[in-house]
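Working through the structure, step by step
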Amino acid sequence: MKINTTTPMQLKLKQLYTYPIKSCKGISLESTKVEKIGFEYDRNFAIINANNQILTARENQKLLTITPEFSDGSLSLTTSKQAPIEVDLHQPMTNTIEVGIFKDTASANIVGTETDAWISEALQEKCRLVTIDAKQLRVMKAKYNGQVGDLISFSDIAPIHLISKASITDLNTKLQEKVTLHNFRPNILVSGCNAYAEDNWTHITIGDCEFEVTLKAPRCIFTTINPISTKVNDSQEPLRTMSTYRKTKSTVDFGIYLKPTKLGSIRITDDIKGN
């Protein structure tokens, strides 16, 4: 049966998320600033290993045990086994190094030795916390429909990721072990549309902000990591099931990526339109 992907008028913002540290837990938001590189602070920080390579939960699932939280101009980090540590978001960070991110490199600033010791203990390997060098942001690649001037922080592909609740619900009808939005780590979860309606959108408006859809989101092994237990699914689910009906030429797609074209702020109560 063909799924109706039209966009009903009752489209709503369901949840907003930011992920300050790449591959660590996300923070649910009521509102956020929308910048050229995405939501404020989203993927602005990352953790590098002893080889200056950015770690993701693909390599170290313990990253998903670190919970960030914003408070009074600082970013606090906690785990179930450690006392919190705070990062002053306004402190000067000028110790710039080159770090590896997948097969590319990026310019980053080291945060501080005290934070490094805390994170190394949490991940059980020698690590350092870095923040993106705002003066030398990464360029969004042309193969992902990036245009001249399109920039990103430590995001995989594009500034913002969106999924509809209906798409996750439909996927769960095909799975024995259900998944949640946290398997996919979207910035925006929407409700009030049919499953996979987002596949057909080219532009989205939220409040006064506007976004262009750049591509469908290609999925990877990250989706098979249980966000609570941090264990990798032995059967490679839900990726295996998604590949049976969401596979294109070379990728398994689920959700969409956006880039902001009109900046500002958005709230969970804002109107949203997709077309």
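First, a word on scope: everything that follows refers to the structure included in this document. The structure presented is a predicted model; accordingly, all values stated were derived computationally and were not measured.

1. Digging into helix H2 (residues 165-172)
Here H2 has its buried residues at Ser167, Ile168, Asp170, Leu171 and Asn172. Contact partners of the buried residues in H2: strand S14 (160-164), strand S15 (188-191), helix H3 (239-242) and strand S18 (253-262).

2. Examining the pattern of salt bridges
Applying the stated criterion across every chain yields a total of seven salt bridges. Salt-bridge contacts for Lys259 lead to Asp150; the nearest nitrogen and oxygen are separated by 2.6 Å. With Lys259 in strand S18 and Asp150 in the loop between strand S12 (138-139) and strand S13 (151-152), this pair connects stretches of sequence that are 109 residues apart. For the pair Lys259 and Asp150, a shared accessibility class is recorded, and that class is buried. The residue Lys174 makes a salt bridge to Asp170 at a minimum N-O spacing of 2.8 Å. One network of salt bridges, with partners in common, ties together Lys22, Arg58 and Asp156.

3. So, the environment of Thr244
Relative to the assigned elements, Thr244 resides in the loop between H3 and S18. A polar side-chain atom of Thr244 sits 2.5 Å from the main-chain carbonyl oxygen of Thr241.

4. Observations concerning the sheet that holds S15
Consider a sheet: its strands pair through backbone hydrogen bonds, and that pairing is either parallel or antiparallel. Strand order in the open sheet formed by eight strands is S2-S1-S15-S14-S18-S17-S16-S20, with mixed pairing between adjacent strands. Of all the strands in the sheet, just strand S2 (27-29) and strand S20 (272-274) have a single pairing partner and so form its edges. On average, each strand axis in the sheet is inclined to that of its neighbour by 30°, with strand direction left out of account. Both S14 and S18 contribute to a ladder of three bridges, which runs antiparallel. The residue of S18 that forms the bridge with Leu162 is Ile256. Sheet strands in contact with H2 are strand S1 (12-18), S14, S15 and S18, and its direction is about 60° off that of S14.

5. Notes on the layout of surface pockets
Of the pockets and cavities examined, the largest pocket occupies roughly 770 Å³. Sorting the residues of the lining of the largest pocket by element identifies strand S10 (104-110), S12 and S14 as the ones contributing at least two each. By residue class, the composition of the lining of the largest pocket is 15 nonpolar, ten polar and twelve charged. Taken together, 19 residues make up the lining of the second largest pocket; nearest its centre are Met93, Asn109, Thr131, Ile132 and Ala134.

6. A closer look at the state of the cysteines
Under the counting rule described, the total for this entry stands at zero disulfides. Take Cys24: it sits in no disulfide, and the sulfur closest to it among the cysteines is that of Cys127, at 10 Å. Among the residues examined, Cys24 registers a relative accessible area of 0% and is labelled buried. Here Cys209 stays free of any disulfide, with the sulfur of Cys193 as its closest cysteine sulfur at 20 Å. For Cys209, a relative accessible area of 0% gives the class buried.

7. Re the sheet that holds S10
The four strands lie next to each other as S5-S11-S10-S9, forming an open sheet whose pairing is antiparallel. Both edges of this open sheet fall to strand S5 (45-48) and strand S9 (96-101), since each of them pairs with a single strand only. Across the sheet, the mean angle from the axis of one strand to that of its neighbour is 50°, orientation sign disregarded. Alignment of S5 against strand S11 (residues 128-132), held across four bridges, turns out to be antiparallel. Across the sheet, residue Ile48 finds its bridge partner in S11, namely Arg128. Packed onto the sheet, helix H1 (residues 113-123) meets S5, S10 and S11 and runs at close to 115° relative to S11.

8. Notes on the packing of aromatic side chains
In total, this model carries five aromatic pairs according to the counting rule given. Ring geometry for Tyr196 against Phe254: centres 6.1 Å apart, planes inclined by 75°, an arrangement best described as edge-to-face. With Tyr196 in the loop between S15 and strand S16 (203-206) and Phe254 in strand S18, this pair connects stretches of sequence that are 58 residues apart. Here the guanidinium or amino end of Lys174 rests over the ring plane of Tyr245, the centre of that ring lying 4.7 Å away.

9. Some details on the side chain of Arg138
One can find Arg138 in strand S12. One polar contact links the side chain of Arg138 to the main-chain carbonyl oxygen of Ser153, over a distance of 2.7 Å. Within the structure, the side chain of Arg138 is placed 2.7 Å from the backbone oxygen of Ser155, a separation counted as a polar contact.

What counts as what
- Residues numbered from 1 in each chain as written.
- Predicted model: local features only at pLDDT ≥ 70, side-chain atom pairs only at ≥ 80, totals over all residues.
- Heavy atoms only, no water.
- Buried < 20%, exposed > 50% of the residue type's maximum accessible area, 1.4 Å probe, protein only.
- Helix = DSSP H or I, 4+ residues; strand = E, 2+ residues; numbered from the N terminus.
- Contact = heavy atoms within 4.5 Å.
- Salt bridge = Lys/Arg side-chain N within 4 Å of Asp/Glu carboxyl O.
- Polar contact = N/O pair within 3.5 Å; in protein donor to acceptor, adjacent residues only side chain to side chain.
- Pairing = 2+ DSSP bridges.
- Axes fitted to C-alpha atoms, helices over the stretch in contact; angles between N-to-C directions.
- 1 Å grid on protein atoms, 1.4 Å probe; cavity = no way out; pocket = protein on both sides within 12 Å on 5 of 7 lines; lining within 4 Å.
- Points joined across faces, edges and corners; volume = space filled by probe spheres on them.
- Nonpolar A, V, L, I, M, F, W, Y, C, P; charged D, E, K, R; others polar.
- Disulfide = S-S within 2.5 Å.
- Phe/Tyr/Trp six-rings, centres within 6.5 Å; stacked < 30°, edge-to-face > 60°.
- Lys NZ or Arg CZ within 6 Å of the ring centre and 35° of its normal.

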